[in-house]
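Below, each chain spelled out in residue letters.
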Amino acid sequence: MGSRYVVYRADVEEQMMQGSPMRAQPVLTESFGCTYLTETVLSVRPGITPPQTSGDHEELLFVLSGRGRLLHDGAAQDFGPESGIYIGHGETYQLEITDPAEAEIVRVRVTEPAGAEVRSGERRTVSLLDEQEIGHATAGREYRVLADPSTGFRSGTHFVGDVPTGAPAPMHYHLYNEVIYVMQGTGILHIDGERNPIHPGACIHLPARTLHQVENTGDVPIREVAVFVPAGSPAAAYLPDGTSAYAGQPDDPQGGVGSH
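Residues numbered from 1 in each chain as written. Predicted model: local features only at pLDDT ≥ 70, side-chain atom pairs only at ≥ 80, totals over all residues. Heavy atoms only, no water.

Caption draft 1: Highlighting the overall build of the protein. Assigned secondary structure in the protein consists of zero helices and 22 strands. What you see for the protein is a C-alpha radius of gyration of 18 Å, in line with the 18 Å of a compact globule of 260 residues. Its C-alpha atoms give the protein principal-axis dimensions of about 50 × 40 × 35 Å. In the protein, of all internal contacts separated by at least 6 residues, the share reaching a separation of at least 24 is 68%. Of the roughly 11600 Å² that the protein leaves accessible, carbon and sulfur atoms contribute 48%. Side-chain charges of the protein comprise 17 positive and 34 negative groups, with the mean position of each set lying 2 Å from the other. (Helix = DSSP H or I, 4+ residues; strand = E, 2+ residues; numbered from the N terminus. Rg over C-alpha atoms; globule rule 2.2 N^0.38 Å. Contact = heavy atoms within 4.5 Å. Areas by Shrake-Rupley, 256 points an atom, 1.4 Å probe, with all protein chains shown as cover. Lys, Arg positive; Asp, Glu negative; His and termini not counted. Charge placed at Lys NZ, Arg CZ, Asp CG, Glu CD.)

Below, the structure written as structure tokens:
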């Protein structure tokens, strides 16, 4: 029986996109239970893609490999590996891949939760990971935010997190819905009675208020790129009784979720 929370990229068939130099692997879909967030891995050959339209969604792109330019709103912006790209509702863009090899990109499409009223800051379209401030979370985890309301992404938060080797964080939950792509490292996701191996190419759906724990079983940090809605801090995690798992963060005002 397959997992209720993890899809492995290697198990998902590629789909050719007609008239486009792109292939798509829809790894986390609405049929998998991803209500507000869907995740697709794109492989893009050198050249310029046909115009892409976000429609009713916001889009977050994260470049796993390859270099090129984002053609958007009459301007061209360079991107490379570990670049985050934000596309707003109803916007059109193209990707120009300038490397001789194809680029690999994780795309997350976001439906803004009903009733959300978020004031966003000055728009930032391309964010380089190395330029973002390092934040800290439970059990020595670190994260860097690529986009959130302060940079124009209204619905949520786009970030890269590192899970270190050693003792894992305790079982905990979040108040947001999250999708994750594992870029580096090996481990186990313990969630709702499941024990899921994770490794590069593992794609994870974490529904809000679901207890889970990531155990790093390798010798390098697990690196993940993730998007969650609604927006907030990646350090906001809660123990089963609702107390904050990270010092300095408030407890869950709704109380805990019990234990499994």
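Caption draft 2: A look at empty space enclosed by the protein. Taken as a whole, this structure holds three cavities of 30 Å³ or more when the rule is applied. Within this model, the largest cavity holds a volume of roughly 260 Å³. Lining the largest cavity are 21 residues; nearest its centre among them are R141, V163, H172, H174 and E224. Elements represented by at least two residues in the lining of the largest cavity include exactly β15 (142–147), β16 (157–163), β17 (177–184) and β21 (212–216). In terms of residue count, β16 provides more of the lining of the largest cavity than any other element does, four residues in total. A breakdown of the residues in the lining of the largest cavity according to their chemical character gives eleven nonpolar, five polar and five charged. Estimated volume of the second largest cavity: approximately 50 Å³. (1 Å grid on protein atoms, 1.4 Å probe; cavity = no way out; pocket = protein on both sides within 12 Å on 5 of 7 lines; lining within 4 Å. Points joined across faces, edges and corners; volume = space filled by probe spheres on them. Nonpolar A, V, L, I, M, F, W, Y, C, P; charged D, E, K, R; others polar.)

Caption draft 3: Inspection of the pattern of salt bridges at higher detail. Applying the stated criterion to the full structure yields twelve salt bridges. In this structure, the salt-bridge partner of R4 is E194, at a minimum N-O distance of 2.9 Å. Placement of the pair is R4 in the segment before β1 (6–8) and E194 in strand β19 (residues 194–198), with a sequence separation of 190 residues. Its relative accessible area of 45% is what places R4 among the partly exposed residues. Among the ionic pairs, R144 bridges to D130, the shortest N-O distance being 3.6 Å. Of this pair, R144 sits in strand β15 while D130 sits in the loop between β13 (126–128) and β14 (134–136); the two residues are 14 residues apart in sequence, bridging distant segments of the chain. The network of salt bridges with common partners includes R4, D192 and E194. (Salt bridge = Lys/Arg side-chain N within 4 Å of Asp/Glu carboxyl O. Buried < 20%, exposed > 50% of the residue type's maximum accessible area, 1.4 Å probe, protein only.)

Caption draft 4: Highlighting the sheet that holds strand β2 (residues 15–16). The strand order across the open sheet formed by seven strands is β2-β3-β4-β12-β7-β10-β13, and the pairing between neighbours is antiparallel. What marks the edges here is a single partner per strand, and that holds for β2 and β13. One ladder, built from seven bridges, connects strand β7 (residues 58–65) with strand β12 (residues 103–110); its direction is antiparallel. Among the inter-strand pairings, V63 is bridged to a residue of β12, identified as I105. (Pairing = 2+ DSSP bridges.)

Caption draft 5: Spatial organisation of the environment of P234. Within the fold, P234 resides in the segment after β22 (222–229). Separated by 93 residues in the primary sequence, P234 and R141 have C-alpha atoms spaced 9.9 Å apart. Not counting residues within four places of it along the chain, the set of residues in contact with P234 comprises A137, Y143, V145, F159, Y176 and F228.

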